[in-house]
Amino acid sequence: MKALVCDAFGPLEQLSYRDFPDPVPGPGEILIGVKAIGINFADSLVVEGRYQVKPSVPFIPGSEVGGDIKTLGENVEGLQVGDRVFGYSDNFGAFDENIVLPVSSTKPLPDFMSYEEGAAGGTGTAAVQIGKAIGAHVIAVCSSEEKMAFAHSQGADECINYTHEELRQAIKARTGGRGADVVYDTVGGDDFDACSRAMAWDGRLLVVGLGPAPVTWTP
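The model shown is predicted, which means the values in this text are computed figures rather than measured ones.

Let us now look at the pattern of salt bridges. Per the counting criterion, the structure on display carries seven salt bridges. Across the pair arginine 174 and glutamate 158 runs a salt bridge, and its minimum N-O distance is 4.0 Å. Taken as a pair, arginine 174 in helix 5 (residues 167-174) and glutamate 158 in strand 9 (residues 158-161) lie far apart in primary sequence, 16 residues in all. Residue classification places glutamate 158 among the partly exposed positions, given a relative accessible area of 23%. In this structure, the salt-bridge partner of arginine 178 is aspartate 181, at a minimum N-O distance of 2.6 Å.

The following block contains the structure:
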């Protein structure tokens, strides 16, 4: 099969597209023909050797996948070849034509959901939805107009495009100078510093792994 392979830790540009041995499902596993993959900031950190998990090289990066079942391993019940599924790999391997996953790491893909939606991360979306559900005023921090529109569709009251606005000042402006009561930060670095300087008195800054952009909540 064809795959994007990391032969040595370094920038993403060093990944090679080449043949790699086909995986074979074992007991309780399924072989998935990959139709869509999720690409996250963490994937680049893994390739660069800067993630908390450092796989042995060579390896195939990627963790989120959507596709069709091609082969069933032993003792797999309730699934059939051709079923649409999505899943997450703890051992990477999604950036290829085929991937083996434990059945426990996959879910059936509903007919109304596309492969791309099944292979997409959702922590930021969940933060927006939860914030809105508990009655907060939700401000989503995004990098493009398209992402801002999506955040609005998920319930965000306001959005900040951090490529056009200085983040600290933008948070202060949208909270009337008060600052954010809660910041859900999946980025770190300069964005963490900006958010920490834009907190309300007794505010809470929640750091969750590494990822795309923060979400702020105010009552």
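What follows continues from the structure just given.
All right, on to the packing of helix 5 against helix 6 (residues 189-196) then. Relative placement of two packed helices is described by the angle separating their axes and the distance separating the axes. Interhelical geometry of helix 5 versus helix 6 gives an angle of 35 degrees and a closest axis separation of 8 Å. Handedness of the crossing formed by helix 5 with helix 6: right-handed. Contacts between helix 5 and helix 6 pair Leu167, Arg168 and Ile171 from the former with Asp191, Ala194 and Cys195 from the latter. Here the contact of helix 5 with helix 6 is composed, by residue class, of four nonpolar, no polar and two charged.

On to helix 6. Within the sequence span of helix 6, burial applies to Asp191, Ala194 and Cys195. Projected down its long axis, helix 6 carries its buried residues within an arc of 95 degrees, all on one side. Looking at helix 6, the residues exposed on the side facing more than 90 degrees away from the buried face are Gly189 and Asp190. Tucked into the core, helix 6 has its buried residues touching helix 5, strand 10 (180-185) and strand 11 (199-207).

With that settled, the discussion passes to the nonpolar core. Ranked by internal contacts, the top residues of the largest apolar core, which has 16 residues, are Ile30, Ile32, Ile60, Val65 and Ile99. Secondary-structure elements contributing two or more residues to this core are strand 1 (2-5), strand 3 (29-38), strand 4 (64-72) and strand 6 (98-102). The element contributing the most residues to this core is strand 3, with three residues. With residues near it in sequence (within four places) discarded, isoleucine 30 still touches Pro25, Ile69, Thr71, Leu72, Val76, Leu79, Val85, Ile99, Val100, Leu101, Val103 and Thr106. Among the nonpolar cores identified, the runner-up in size contains twelve residues, and Val141, Leu167, Ala180 and Ala198 belong to it.

Analysis parameters
- In this numbering scheme, every chain counts its residues from 1 along its sequence in written order.
- For this predicted model, a pLDDT threshold of at least 70 governs which residues receive local features, and a threshold of 80 or more governs which side-chain atom pairs are given and counted, while totals over whole chains, interfaces and linings are taken from all residues.
- The basis for the side-chain values is all heavy atoms of the structure; hydrogens and waters are excluded.
- We count a salt bridge whenever a side-chain nitrogen from Lys or Arg sits within 4 Å of a carboxyl oxygen from Asp or Glu.
- Numbering of helices and strands runs from the N terminus; a helix is a DSSP stretch of H or I covering at least four residues, while a strand is a stretch of E covering at least two.
- Using a 1.4 Å probe on the protein chains alone, a residue whose accessible area is under 20% of its type maximum counts as buried, one over 50% counts as exposed, and one in between counts as partly exposed.
- Comment: axis = line fitted to C-alpha atoms, over the contacting stretch for helices; angle = value between 0 and 180 degrees taken between N-to-C directions.
- The sense of a crossing depends on the near helix, which, turned anticlockwise from the far helix by less than a right angle, makes the crossing left-handed and, turned clockwise, makes it right-handed.
- Note on definitions: a residue-residue contact is assigned when non-hydrogen atoms from the two residues lie within 4.5 Å.
- Under this grouping Gly is polar, as are all residues other than the nonpolar Ala, Val, Leu, Ile, Met, Phe, Trp, Tyr, Cys and Pro and the charged Asp, Glu, Lys and Arg.
- As used here, the arc is the angular range of directions from the helix axis to the C-beta atoms.
- Within this scheme, the nonpolar core is defined by two criteria: the residues are buried Ala, Val, Leu, Ile, Met, Phe, Trp, Tyr or Cys, and they are joined through side-chain atoms within 4.5 Å.

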